[in-house]
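Tertiary structure, described
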Amino acid sequence: MLGKIEAIVIGGSWGGIDAVIKILSALPSDFKPTMVIALHRPKNVVNSLEGILKKYSKVPFSEPYDKEEIKLNHVYLAPSNYHLLIEKNKIFSLDVSEPVNYFRPSIDVLFESAAEVYGKFLAGILLTGANKDGGNGMKTIAGKGGFTIVQDPSTAASGIMPSAALRLIKPDFLGSVHSITELISSGKEFIWQ
Amino acid sequence: MKEGKDNKIVLLEDDQLEDLFVSLRQRYGYDFTGYAKASIKRRVQKFIDTIEMESVDLLKNQLLRDEAFFKYFLDEITVNVTEMFRDPLFFASLKKNVFPLLNTYPFIKIWDAGCSSGEELYSLAIFLDEEGLYGKSRIYATDISQRVLDKAMDGIYPIDMMKEYTGNYIHAGGKRSFSEYYTAMYGNAIFRGRLKKNVMFSAHNLAVDESFNEFNLIVCRNVLIYFNRDLQERVIELFLKSLPVFGFLALGNKETLSFSIFRDHFEEIDKAQKIYRRIN
Ligand SMILES: C[S@@+](CC[C@H](N)C(=O)[O-])C[C@H]1O[C@@H](n2cnc3c(N)ncnc32)[C@H](O)[C@@H]1O
């Protein structure tokens with residue numbers, strides 16, 4: 001049961017850019033939920049990712065500024081070298097504290113703070129990756145009643161990250177990027193109303 | 001006390017955090033009530049987990065009773081992560097767009113607010129030096145945490161970091177060999193004493209202290225992100241009071257004045273690098 005979803009958080013690492021491109025390309029321009037993406041990437045690759053991903057999104061797409069209000073029908077990308085967090089009043093906060101699981105932005109940090117704010121109106125998607133970030137975040141999302149989606153490790157460029165999450169939770173949906181994309185872009189019951 | 005996830009015995013609630021901060025304000029005058037909740041809560045939770053405190057009440061009691069413990073807490077919950085020439089393009093822009101205008105003044109006053117352990121400060125000093133401005137500059141370096149200020153005064157950093165910092169320095173357009181600025185000794189890089197000759201270090205809390213001077217340039221990067229919008233407004237007003245017309249304000253790359261009621265006092269000199277100038 002997907003229910004009403006207000007926001008979707010997505011985490012990816014090794015191979016994650018391609019997976020995110022597939023998802024973004026499939027979203028209709030009026031896609032209602034807020035989408036927030038945390039992708040690991042090397043330090044100091046300045047802003048190139050924003051430019052690349054933006055081209056694939058029909059939904060308005062940007063890297064948020066600190067204390068920016070979160071909109072529906074908008075895709076946000078966590079800026080490199082910052083952790084991205086969500087405040088209770090649905091405003092973004094940035095943080096330059098130490099990397100978590102060796103990464104900044106950390107998927108866990110984003111997922112955990114999103115789960116606190118959106119609770120059961122949140123869906124979390126954990127994609128391909130060669131480390132263990134995101135697992136705890138998925139566990140928190142599940143604990144708060146949110147909907148959890150994990151990429152089937154056998155379909156991932158690297159299955160380490162989704163496998164690590166599967167050791168912590170039993171996801172509501174497990175599948176390839178293709179089936180995840182179908183679920184969120186065309187699944188009627190999934191669209192936030 | 002609540003049973004939480006296996007690794008978190010004590011789960012901090014929002015109202016407990018608020019209550020804790022109000023008590024600390026009364027007791028010590030340090031005010032964290034205006035900090036952005038999501039990140040400060042994470043820090044306090046982490047503190048509780050690390051020292052394995054058994055309840056939030058116990059934490060509060062010990063903090064109120066034991067000042068040394070409070071100082072330790074303060075150091076642990078503030079985020080001091082920094083680096084030399086962080087965001088090289090920012091320093092390049094400062095040199096290109098701001099320094100030539102500063103050079104028209106007989107005397108330059110700069111405030112590095114939230115300077116942390118000094119890496120940003122020495123980066124500024126190095127570029128001022130290379131542009132021939134250092135001699136007529138005074139830099140006021142402040143932070144809420146005495147521990148990081150002590151480090152800033154020392155100007156000693158792990159030698160392992162120098163490779164990355166040299167890369168940043170070159171990327172920012174540094175003119176010399178970066179190693180000219182420090183002496184390598186016992187695994188450390190000791191920065192040249194002359195770089196801090198014109199620097200005044202002092203503790204200053206942006207959340208409660210007042211303006212203490214007027215400056216041609218205020219650099220306050222990656223500090224406002226830890227504050228909620230109300231506290232940000234207080235600090236921006238404080239900066240406004242500390243800047244003459246045509247004074248510069250430099251923020252972190254992801255910090256903006258766009259959401260501030262004071263935004264019309266400023267114009268953007270470099271949009272991407274978040275360098276502003278007061279215009280009225
Ligand atoms: C992430 S560091 C930024 C260091 C440096 N400006 C940079 O961008 O690399 C944030 C600094 O702000 C300081 N800080 C936090 N709250 C403060 C306050 N209320 N007043 C002054 N400094 C504060 C912290 O102690 C820390 O050193």
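No experiment lies behind these values; they were computed from the predicted model shown. (Residues numbered from 1 in each chain as written. Chains lettered and ligands numbered in written order. Predicted model: local features only at pLDDT ≥ 70, side-chain atom pairs only at ≥ 80, totals over all residues. Heavy atoms only, no water.)

**Some points on the pattern of salt bridges**
Residues and elements named next belong to chain B. Counting across every chain of the model gives 23 salt bridges over all chains. Arg221 is the salt-bridge partner of Asp87, the closest N and O atoms lying 3.0 Å from each other. Separated by 134 residues along the polypeptide, Asp87 in the loop between helix H4 (67-77) and helix H5 (88-102) and Arg221 in the loop between strand S7 (217-220) and helix H9 (229-241) bring together distant segments of the chain. One salt bridge connects Glu210 with Arg234, and the closest N-O pair in it is separated by 3.4 Å. (Salt bridge = Lys/Arg side-chain N within 4 Å of Asp/Glu carboxyl O. Helix = DSSP H or I, 4+ residues; strand = E, 2+ residues; numbered from the N terminus.)

**Section: the state of the cysteines**
One pass over the full model with this rule turns up 0 disulfides over all chains. This cysteine, Cys115 of chain B, is not joined by any disulfide, and Cys220 of chain B carries the nearest cysteine sulfur, 10 Å off. (Disulfide = S-S within 2.5 Å.)

**Topic: the interface of chain A and chain B**
Taken together, the contact pairs 31 residues of chain A with 32 residues of chain B. Taking both sides of the interface into account, the surface hidden between chain A and chain B amounts to around 2500 Å²; carbon and sulfur atoms contribute 47%. The three residues of chain A that bury the most area against chain B are Tyr65, Lys67 and Val96 of chain A, which together make up 25% of that side's buried surface. Across the chain A-chain B interface, the total number found is 6 salt bridges. In this structure, Lys88 of chain A and Asp14 of chain B form a salt bridge, with 2.6 Å as the shortest nitrogen-oxygen distance. Counting every contact that joins chain A to chain B gives 16 residue pairs in polar contact (both at pLDDT 80 or more). For the side of chain A that touches chain B, the elements supplying multiple residues, two or more each, are strand S5 (83-86), strand S6 (92-95), helix H3 (107-118) and helix H4 (135-143) of chain A. Per-class residue counts for the side of chain A that touches chain B are 11 nonpolar, 6 polar and 14 charged. (Contact = heavy atoms within 4.5 Å. Buried area = accessible area lost by both parts, 1.4 Å probe. Polar contact = N/O pair within 3.5 Å; in protein donor to acceptor, adjacent residues only side chain to side chain. Nonpolar A, V, L, I, M, F, W, Y, C, P; charged D, E, K, R; others polar.)

**Re the domain arrangement of chain B**
Residue and element names in this part refer to chain B. For chain B, the domain assignment lists domain 1 (14-77) and domain 2 (88-278). Using only C-alpha atoms to locate each centre, domain 1 and domain 2 end up separated by 29 Å. The interface of domain 1 with domain 2 comprises 11 residues on the first partner and 11 residues on the second. Between domain 1 and domain 2 lies a buried interface of about 880 Å² when both sides are counted; carbon and sulfur atoms form 53% of it. When the buried surface of domain 1 facing domain 2 is broken down by residue, Gly34, Tyr35 and Asp75 rank first, second and third, together holding 50% of it. (Domains from an automatic or database assignment.)

**Here we look at unusual backbone geometry**
For the peptide bond that leads from Arg104 of chain A to Pro105 of chain A, omega is 10°, which places it in the cis range. Turning to its location among the elements, Pro105 of chain A is positioned in the loop between S6 and H3. Positive phi, close to 75°, is recorded for Asn81 of chain A, a residue that is not glycine. Of note, Asn81 of chain A is situated in the loop between strand S4 (74-77) and S5. Phi angles above zero are rare outside glycine, and Asp87 of chain B is one such case at about 55°.

**Details of the pairing of strand S10 (residues 275-278) of chain B**
Residues and elements named next belong to chain B. Side chains of S10 alternate between two faces, with Ile275 and Arg277 and Tyr276 and Arg278 buried alike. Bridge count for strand S8 (residues 248-251) against S10 is 3 bridges, and the pairing is antiparallel. Bridging from a neighbouring strand, Leu249 pairs with Tyr276 of S10. One ladder, built from 4 bridges, connects strand S9 (residues 266-270) with S10; its direction is antiparallel. Note on S10: the bridge partner recorded for Glu268 is Tyr276. (Buried < 20%, exposed > 50% of the residue type's maximum accessible area, 1.4 Å probe, protein only. Pairing = 2+ DSSP bridges.)

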